[in-house]
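# Examination of the molecular architecture
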Amino acid sequence: MFLTLTTTGTPERPATDLGFLLHKHPEKAQAFSTSFGTAHVLYPEAEEQRCTAALLLEVDAVALVRRGKGKGRGGAPDAALAQYVNDRPYAASSLLAVALSSVFSSAMRGVCKARPERAAEPLPLRVEIPALPARGGPDLVRRLFEPLGWAVAVEAVPLDTEFPEWGDSRYVRLVLESEALTLSNALRHLYVLLPVLDDAKHYWVAPDEVDKLLRAGGGWLPGHPEQKLITSRYLSRRWSLTREAMDRLELIRLAETDDSEVEEIDNAVEAEAEQEAKPTPLAVHRREAILTALRDGAAARVLDLGCGEGHLVRELLKEPRFTEIVGVDVSVRALTIASRRLKLDRMGERQAARVRLFQGSLAYTDKRLKGYDAAVLSEVIEHLDLPRLPALEYAVFGSARPRTVVVTTPNVEYNVRWESLPAGHVRHRDHRFEWTREEFRTWAAAVAERHGYDVEFRPVGPDDPEVGPPTQLALFTLRTTPGTPTGTRTTTATTTEKEAKAA
């Protein structure tokens, strides 16, 4: 990944002043460590008449994959391959933009104690980028840079020079020239527009990206004719962040028009006014729905199957009605974290007697799970491969047979409401599937019928009239068989039981 900055000069104003402005000595080749590789700064030429600084970004592909682990949403059939076969080490992108900001941070702010007058005045500048991904082609490149005072020379790179009939790739060779811009402005243009042209970022876009955009775009973005496109792409099309940025840009434009400060324009609400309450996290809604279901079933002895790090166990311990709480998980590491978070080693004797944690697989029957009032499977079933579900079904409903079973799972129909979730992707990389409401109800009704339960469905979280709630809950209640003494449970061997034993 490569970029060069060139300027020209005279004996009175030598081009080598570029070294002072960039805070990098022309006689040295310097290397800077980044979280995804090494940035090298060197000067291919450094004379009074002409000076060129080059930024070479050497991307560590392994480090990039490791840092990105868990940030994707899974579900894409080529996701695993894309980690190893991609253009990130070679094409200018958000990686290069971040390197620019990191290596030339003082120059980007326009700070130069050695040559303050040079930092504040326009320079003859030439920027060359040999490989730039441009979603929108050469036309978009011109629309973005020409309004900022750049003379743009852009050439599309063919897919294969041996086969011109294949057409052009999405990459371009770019040369920008200007004599009317300061070095600070030039760097800020590149910092914002490189990821905009690529239409992607290598890191999670958080709310603080709005502040970064406004800092780098100060003085030029509010009046740019492609302001909306730049803002949306820079913020990875997250509509809430884009709306916030556009509102703030409009305030800046109004303040400039009225020759006043932004604070004077944005005075509709007093500073002491109460802020809007933050929405309740879905995990909190889920635990509250589970606790309500357990209370409705008058459960006292509860199994948390797939307890993870013990968040639900902790909530159960807060209510004396739950006299025995057992957390089960296949992961020893998760149980260790749960034990630490619950402070089991410092818990009082009476409280400690109410809770146990042990390792177990839900794909096998376990006599330790029998005899409990209720069992909870909270966000568990979607982590299993579909062929393993019959084994879990029999282990819980056929063997353990608690009086009440609570199952929660994501509603895939609601995924369109998650602004940061790409279309067609699941919510977590470890999800093997996510069901629609109809698919979940069909599965739950079949399970209930096979094992002698009644089932009720409840929404968890805001119930959208079009796509339903973000999480769906099924409450299973064991039927009392007519003529059977209270407390006696009967079951017959089924195909599910045979499949479970075979598993």
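Going by the structure above, here's the rest.
Residues numbered from 1 in each chain as written. Predicted model: local features only at pLDDT ≥ 70, side-chain atom pairs only at ≥ 80, totals over all residues. Heavy atoms only, no water.

### Digging into the overall build of the protein chain
The helix and strand inventory of the protein chain stands at 19 helices and 14 strands. Counting over 503 residues, the protein chain shows a buried share of 45%. Residue pairs at least 24 apart in sequence account for 71% of intrachain contacts in the protein chain once pairs closer than 6 positions are excluded. (Helix = DSSP H or I, 4+ residues; strand = E, 2+ residues; numbered from the N terminus. Buried < 20%, exposed > 50% of the residue type's maximum accessible area, 1.4 Å probe, protein only. Contact = heavy atoms within 4.5 Å.)

### Some remarks on the environment of Tyr 453
Within the fold, Tyr 453 resides in strand β13 (residues 453-460). When the C-alpha atoms of Tyr 453 and Arg 479 are compared, they prove to be 5.3 Å apart, with 26 residues separating the residues in sequence. For Tyr 453, the residues in contact, after removing those within four places along its chain, are Phe 397, Arg 401, Pro 402, Arg 403, Val 405, Ala 448, Phe 476, Thr 477, Leu 478 and Arg 479.

### Describing helix α13 (residues 282-296)
In this model, α13 (15 residues) spans 21 Å end to end at C-alpha, consistent with the 21 Å of a helix rising 1.5 Å per residue. Of all the positions in α13, only Leu 282, Arg 286, Ala 289, Ile 290, Leu 291, Ala 293 and Leu 294 are classed as buried. Contacts from the buried residues of α13 go to β8 (301-305), α14 (311-317), β11 (374-378), β12 (404-410), β13 and β14 (471-478). Phi turns positive, to about 55°, at Ala 298, one or two residues after α13. (Expected span 1.5 Å × (residues − 1).)

### Remarks on the packing of helix α8 (residues 183-198) against helix α10 (residues 227-234)
In contact at an axis separation of 9 Å, α8 and α10 are set at 80° when each is read in the N-to-C sense. Judged by the inter-axis angle, α8 sits roughly perpendicular to α10. Touching Tyr 191, Val 192, Leu 193, Pro 195, Val 196 and Leu 197 of α8 are Leu 229, Ile 230, Arg 233 and Tyr 234, all from α10. In the contact of α8 with α10, the residues fall into nine nonpolar, no polar and one charged. (Axes fitted to C-alpha atoms, helices over the stretch in contact; angles between N-to-C directions. Parallel < 35°, antiparallel > 145°, perpendicular 65-115°, else oblique. Nonpolar A, V, L, I, M, F, W, Y, C, P; charged D, E, K, R; others polar.)

### Some words on the pattern of salt bridges
Under the counting rule described, the total for this entry stands at 35 salt bridges. Here Arg 403 ties to Asp 373 by a salt bridge, and the two come within 3.4 Å at their closest N and O atoms. A residue pair is termed long-range when its members are at least 10 positions apart, and Arg 403 in the loop between α17 (389-400) and β12 and Asp 373 in the loop between β10 (355-359) and β11 qualify at 30 residues. Assessed through its relative accessible area of 30%, Arg 403 is described here as partly exposed. Overall, the relative accessible area of 15% leaves Asp 373 in the buried class. In this structure, the salt-bridge partner of Asp 385 is Arg 432, at a minimum N-O distance of 3.1 Å. (Salt bridge = Lys/Arg side-chain N within 4 Å of Asp/Glu carboxyl O.)

### A closer look at the packing of helix α7 (residues 137-145) against α10
It is at 10 Å that the axes of α7 and α10 come closest, and there the two elements cross at 105°. Viewed along their axes, α7 and α10 adopt a mutual orientation that is roughly perpendicular. Judged by residue contacts, Leu 140, Arg 143 and Leu 144 of α7 engage Leu 229, Ile 230 and Arg 233 from α10. Among the residues forming the contact of α7 with α10, the class breakdown is four nonpolar, no polar and two charged.

### A look at the nonpolar core
Leu 22, Phe 145, Leu 183 and Val 192 are the most contacted members of the largest nonpolar core, which totals 69 residues. Of the residues forming this core, the biggest block, ten residues, is contributed by α8. Residues within four places of Leu 183 in sequence aside, it is in contact with Leu 5, Leu 18, Leu 21, Leu 22, Ala 107, Leu 123 and Leu 125. Counting residues in hydrophobic clusters, the runner-up holds 31 residues, among them Leu 362, Leu 369, Phe 397 and Ala 448. (Core = buried A, V, L, I, M, F, W, Y, C linked by side-chain atoms within 4.5 Å.)

### Quick look at α8
With 16 residues, α8 extends 23 Å from end C-alpha to end C-alpha; this agrees with the ideal 22 Å at 1.5 Å per step. Among the 16 residues of α8, 15 are classified as buried, and the element is accordingly described as predominantly covered. Taken from the residues just after α8, Asp 199 is the one with a positive phi, measuring 60°.

### Comments concerning the sheet that holds β12
Strand order in the open sheet formed by seven strands is β10-β9-β8-β11-β12-β14-β13, with mixed pairing between adjacent strands. At either margin of the open sheet sits one strand with a lone partner, and together these are β10 and β13. Strand-to-strand, the axes of this sheet are offset by a mean angle of 15°, without reference to chain direction. In this structure, strand β9 (residues 324-329) lies alongside β10, joined through five bridges in parallel fashion. Its bridge partner lying in β10, Val 328 is registered against Phe 358. Strands in contact with α13 are β8, β11, β12, β13 and β14; relative to β13, the strand with the most contacts, it is inclined by about 150°. (Pairing = 2+ DSSP bridges.)

### Here we look at the packing of aromatic side chains
Across all of its chains, the model carries ten aromatic pairs by this definition. Summarising the aromatic geometry, the rings of Trp 435 and Trp 443 are spaced 5.6 Å apart at their centres and angled 40° between planes, so their arrangement reads as tilted. A single burial state applies to Trp 435 and to Trp 443, both of which are buried. Seen in terms of ring centroids, Phe 440 and Phe 457 are 6.0 Å apart; in terms of plane orientation they differ by 75°. Their pairing is edge-to-face. Remark: Phe 457 occurs in strand β13 and Phe 440 occurs in helix α18 (residues 437-451); sequence separation between them is 17 residues. When its relative accessible area of 0% is taken as the criterion, Phe 440 is described as buried. Within the aromatic cluster, the residues linked to one another by ring pairs are Phe 433, Trp 435, Phe 440, Trp 443 and Phe 457. Directly above the ring of Phe 20 sits Arg 115, whose terminal nitrogen or CZ lies 4.0 Å from the centroid. (Phe/Tyr/Trp six-rings, centres within 6.5 Å; stacked < 30°, edge-to-face > 60°. Lys NZ or Arg CZ within 6 Å of the ring centre and 35° of its normal.)

### As for unusual backbone geometry
Notably, Ser 236 is not glycine yet its phi reads approximately 55°, a positive angle. One can find Ser 236 in the loop between α10 and α11 (239-258). Positive phi values are uncommon outside glycine, yet Arg 401 reaches one of about 45°. Locating Arg 401 in the fold gives a position in the loop between α17 and β12.

### Quick word on the side chain of Glu 319
Inspection of the secondary structure puts Glu 319 in the loop between α14 and β9. Take Glu 319: its relative accessible area is 16%, and that puts it in the buried class. A polar atom in the side chain of Glu 319 sits 2.5 Å from the side chain of Arg 295. When near neighbours in sequence (up to four residues on either side) are disregarded, Glu 319 contacts Leu 291, Arg 295 and Arg 354. (Polar contact = N/O pair within 3.5 Å; in protein donor to acceptor, adjacent residues only side chain to side chain.)

By themselves these figures say nothing about function.
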